[in-house]
Amino acid sequence: MAEGSQRRNVFIHPTALVESNDVGDETKVWAFAHIMAGARVGRRCVVGDHAFIESGVVIGDDATIKNASLLFDGVTIADGVFIGPGVQFTNDARPRSPRAKFAMDRYGTRDWLLPTCVGTGASIGAGAIILPGVTIGTFSMVAAGSVVSRDVAPHTVVKGTPAREHGLICRCGTELRTFSRLSQRTVPPCAKCRLCSIP
Amino acid sequence: MAEGSQRRNVFIHPTALVESNDVGDETKVWAFAHIMAGARVGRRCVVGDHAFIESGVVIGDDATIKNASLLFDGVTIADGVFIGPGVQFTNDARPRSPRAKFAMDRYGTRDWLLPTCVGTGASIGAGAIILPGVTIGTFSMVAAGSVVSRDVAPHTVVKGTPAREHGLICRCGTELRTFSRLSQRTVPPCAKCRLCSIP
Amino acid sequence: MAEGSQRRNVFIHPTALVESNDVGDETKVWAFAHIMAGARVGRRCVVGDHAFIESGVVIGDDATIKNASLLFDGVTIADGVFIGPGVQFTNDARPRSPRAKFAMDRYGTRDWLLPTCVGTGASIGAGAIILPGVTIGTFSMVAAGSVVSRDVAPHTVVKGTPAREHGLICRCGTELRTFSRLSQRTVPPCAKCRLCSIP
């Protein structure tokens, strides 16, 4: 644990490994989690048991990274994002074992690395798999178990393998409407949360 | 490890974290697993490496919780259940990051928490994802990699995303019949296991 | 850590558990990973954080086993294979809890155990689930999030649940062609890698 982290009131479970000096105030890191040097985690985040955050990852404030989620280099997580348990990010569209002779050319540069962004307030359900190079829009929701292979529009619910658009959701978590063939995108106001609207 | 656990002949791997005082006789907990205070685990269970059992979870006797499975508050596991490796339970149908301002209302109460039950002798295959609020019937079998979004009937095999009914299975693990369109539920006797029948 | 391993220049993270004496030269084992006694890992491999390698597993040289992958007894991995993060192997087609009375007959012998082989240079994407008893061909590629229920032919890309053939790929990671209905298997030469061809 970095000394700076202690000063900033970070909680790090005794079994966790935090090698980064860039973990924000009031963030909590739970058992057997590992945050590598060069990763950046914002303030008031929670990183669950067995989570892995690689060098190069950037996480904003107020994010929740649940148990056993794996975030690799190239992943950027905005403020207020929920990453469910066992979510797996990726950063290589056609991986080969870098130490095998037939694949060494591929890993001579960083051209293989595709970045992934998750927008403010979005949620990714348990066990979802995020293919590399996608952007997941603000306040969208990826259903548990989805395989996301394309960008997800803001405030949109996607589900399935590959993930397809299913409906619209408010930032407060209230489902606004389900898509049908007849009317694709008429958005009613959120009955629960008057402060929020879809731009 | 609770002192009481030692007396009851519980095996806890030196790297495991067992904060619960309610782990039954002859249960084994393997490396890097974490059982939180307030969870209840029965007798003669096995909890594999990197598994996570949250406060509020109840597990019966003779259950097998394989490696890296994640059981959250609200999950109840009956006697003799098999939870495969990397199975992910959930308890919130529309999760948001609880520490984000736009979602705090959602987490002011426990209304978001949906319970999940797995019946006696059921099996859940590797990497299956169980959406919140479902009941998985006695002696049923969820195929590896399924996403379970609805209740599963007793002795029924389900598979896919979302999981659909595929056949019937005996409690001993013998497949009894595969469903076709013509005859949905005629159940032959189990050729292998005479003791068992589907009610 | 075995003394022999130290002599062979194996790196083992202080939090990893390596009980096997059969880990090859220059292999690296990262945090919270567990390699059981009786597993065999070749030279110049990397085993990522939270990975689990059970007794009976055999891994060749130059393989990459990414974070949180689970390899169980019966799994054989050839040289130069890439196993992505969170990949889950299985070895029992109809698992029941072995300690439950109704299932003890099933586990009296080892007949339940089905072996799985991954051929030289193949890649398995993040979070893929490999059903027991399949053979994954040399230099093939399993897309992230797939559920593999049948054998995969050499140099073939498969994806989906269940995984279906999608195209052909070179050993260097260059996609050669996507299958269409009209022409199934005409293979053009690899534009990038002149050394390689599909047999």
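Residues numbered from 1 in each chain as written. Chains lettered and ligands numbered in written order. Predicted model: local features only at pLDDT ≥ 70, side-chain atom pairs only at ≥ 80, totals over all residues. Heavy atoms only, no water.

### Comments concerning the relation of the copies chain C and chain A
- Overlaying chain C on chain A yields an RMSD of 0.0 Å, the required transformation being a rotation through 120 degrees with an accompanying axial translation of 0.0 Å. Considering both components of the superposition, the chain copies are consistent with a three-fold axis.
- In this assembly the copies use different faces: only 11% of the residues contributing to the interface of chain C also contribute to that of chain A. (Least-squares fit on C-alpha atoms with pLDDT ≥ 70 in both. Contact = heavy atoms within 4.5 Å.)

### Considerations on the pattern of salt bridges
- A full pass over the atoms with the stated rule returns 18 salt bridges over all chains.
- As a salt-bridge pair, Arg43 of chain A and Asp61 of chain A come within 3.0 Å of each other at their nearest N and O atoms. On the criterion of sequence distance, the pair formed by Arg43 of chain A in the loop between strand S5 (40–41) and strand S6 (46–47) and Asp61 of chain A in the loop between strand S8 (58–59) and strand S9 (64–65) is long-range, its members being 18 residues apart.
- We classify Asp61 of chain A as buried; its relative accessible area is 15%.
- Residue Arg110 of chain C is joined to Asp73 of chain C by a salt bridge in which the shortest nitrogen-to-oxygen separation is 2.9 Å. Separated by 37 residues along the polypeptide, Arg110 of chain C in the loop between strand S13 (88–89) and strand S14 (116–118) and Asp73 of chain C in the loop between strand S10 (70–71) and strand S11 (75–77) bring together distant segments of the chain. (Salt bridge = Lys/Arg side-chain N within 4 Å of Asp/Glu carboxyl O. Helix = DSSP H or I, 4+ residues; strand = E, 2+ residues; numbered from the N terminus. Buried < 20%, exposed > 50% of the residue type's maximum accessible area, 1.4 Å probe, protein only.)

### Notes on the relation of the copies chain A and chain B
- Rotating chain A by 120 degrees and moving it 0.0 Å along the rotation axis overlays it on chain B with an RMSD of 0.0 Å.
- The two copies present different faces, since only 11% of the interface residues in chain A are matched by interface residues at the equivalent positions in chain B.

### Notes on the interface of chain C and chain A
- Contact residues are listed per partner, giving 37 residues for chain C and 28 residues for chain A.
- Here chain C and chain A share an interface that buries about 2,300 Å² over both sides, 61% of which is from carbon and sulfur atoms.
- Counting the surface chain C buries against chain A, the share from its top three residues, Phe32, His50 and Phe82 of chain C, is 19%.
- Where chain C touches chain A, the interface holds one salt bridge.
- Here Arg94 of chain A and Glu175 of chain C are joined by a salt bridge, their closest N and O atoms 2.7 Å apart.
- The interface formed by chain C and chain A holds 14 residue pairs in polar contact (both at pLDDT 80 or more) in total.
- Of the residues belonging to the side of chain C that touches chain A, the class tally is 17 nonpolar, 14 polar and six charged. (Buried area = accessible area lost by both parts, 1.4 Å probe. Polar contact = N/O pair within 3.5 Å; in protein donor to acceptor, adjacent residues only side chain to side chain. Nonpolar A, V, L, I, M, F, W, Y, C, P; charged D, E, K, R; others polar.)

### So, the nonpolar core
- Judged by nonpolar contacts, the single largest core of 38 residues is most densely connected at Ile59, Ile77, Phe89, Ile124, Ile130 and Ile136 of chain C.
- Not counting chain neighbours up to four residues away, the residues in contact with Ile124 of chain C comprise Phe82, Ile83, Gly84, Val87, Phe89, Val118, Ile130, Ile136 and Val142 of chain C. (Core = buried A, V, L, I, M, F, W, Y, C linked by side-chain atoms within 4.5 Å.)

### Digging into the side chain of Thr156 of chain C
- Secondary-structure assignment places Thr156 of chain C in strand S20 (residues 156–159).
- In this structure the side chain of Thr156 of chain C is engaged in a polar contact, spanning 3.1 Å, whose partner is the backbone oxygen of Ala153 of chain C.

### Things to note about the interface of chain A and chain B
- Counting from both sides, the interface comprises 37 residues of chain A and, opposite them, 29 residues of chain B.
- Interface of chain A and chain B: buried area, both sides summed, is about 2,400 Å²; carbon and sulfur atoms make up 61% of it.
- Area buried by chain A at its contact with chain B is led by Phe32, His50 and Phe82 of chain A, which between them contribute 19% of it.
- Applying the counting rule to chain A against chain B returns one salt bridge.
- Seen at the junction of chain A and chain B, the total is 14 residue pairs in polar contact (both at pLDDT 80 or more).

### Here's the deal with the sheet that holds strand S22 (residues 175–178) of chain A
All names here are of chain A.
- An order of S1-S3-S6-S9-S12-S15-S18-S20-S21-S22 is seen for the ten strands of this open sheet, with the pairing classed as mixed. Every other strand in the sheet has two partners, leaving strand S1 (11–12) and S22 as the edge strands with one partner each.
- Relative to strand S12 (residues 82–83), S9 runs parallel, the two sharing two bridges. Looking at the pairing, Ile65 lines up with Ile83 of S12. (Pairing = 2+ DSSP bridges.)

### As for the side chain of Ser69 of chain A
- Inspection of the secondary structure assignment puts Ser69 of chain A in the loop between S9 and strand S10 (70–71).
- Not counting the four nearest positions on each side in its chain, Ser69 of chain A is found in contact with Ala51, Phe52, Ile83, Gly84, Pro85, Gly86 and Val87 of chain A.

### Details of the environment of Cys117 of chain A
All names here are of chain A.
- Along the polypeptide, Cys117 turns up in strand S14 (residues 116–118).
- Taking the C-alpha atoms as reference points, Cys117 and Gly167, separated by 50 residues in sequence, lie 21 Å from one another.
- In this structure, Cys117 is in contact with Thr76, Val134, Thr135 and Ile136, ignoring residues within four places of it in sequence.

### Some remarks on unusual backbone geometry
- Backbone torsion omega between Thr161 of chain A and Pro162 of chain A reads -5 degrees, so that peptide bond is classified as cis.
- The backbone of Phe139 of chain C shows a phi angle near 60 degrees, a positive value even though the residue is not glycine.
- Structurally, Phe139 of chain C can be placed in the loop between strand S17 (135–136) and strand S18 (141–142).
- For Phe139 of chain C, a relative accessible area of 9% gives the class buried.

### Some points on the sheet that holds strand S15 (residues 123–124) of chain C
All names here are of chain C.
- Pairing in this open sheet of ten strands is mixed, and the strands run S1-S3-S6-S9-S12-S15-S18-S20-S21-S22 from one edge to the other. In this open sheet, the two strands that pair with only one neighbour each are strand S1 (11–12) and strand S22 (175–178).
- Pairing between strand S21 (residues 164–169) and S22: three bridges, direction antiparallel. Within S22, the position partnered with Ile169 by the bridge is Glu175.

### Things to note about the confidence of the model for chain A
All names here are of chain A.
- For chain A, mean pLDDT is 91; residues scoring 70 or higher make up 89% of the total.
- Contacts of residues 1–7 to residues separated by more than four positions or lying in other chains number nine contacts, the stretch itself having pLDDT below 50.
- Among the scores for the predicted complex, ipTM is 0.92 and pTM is 0.94. (pLDDT = per-residue confidence, 0-100.)

### As for the pairing of strand S20 (residues 156–159) of chain A
Residue and element names in this part refer to chain A.
- For strand S18 (residues 141–142) and S20, the ladder comprises two bridges, and the chain directions are parallel. If you follow Val142 over to S20, its bridge partner there is Val158.
- Judged from the four bridges that link them, S20 and strand S21 (residues 164–169) form a sheet pairing that is antiparallel. Bridging across to S21, Lys159 finds its partner in Arg164.

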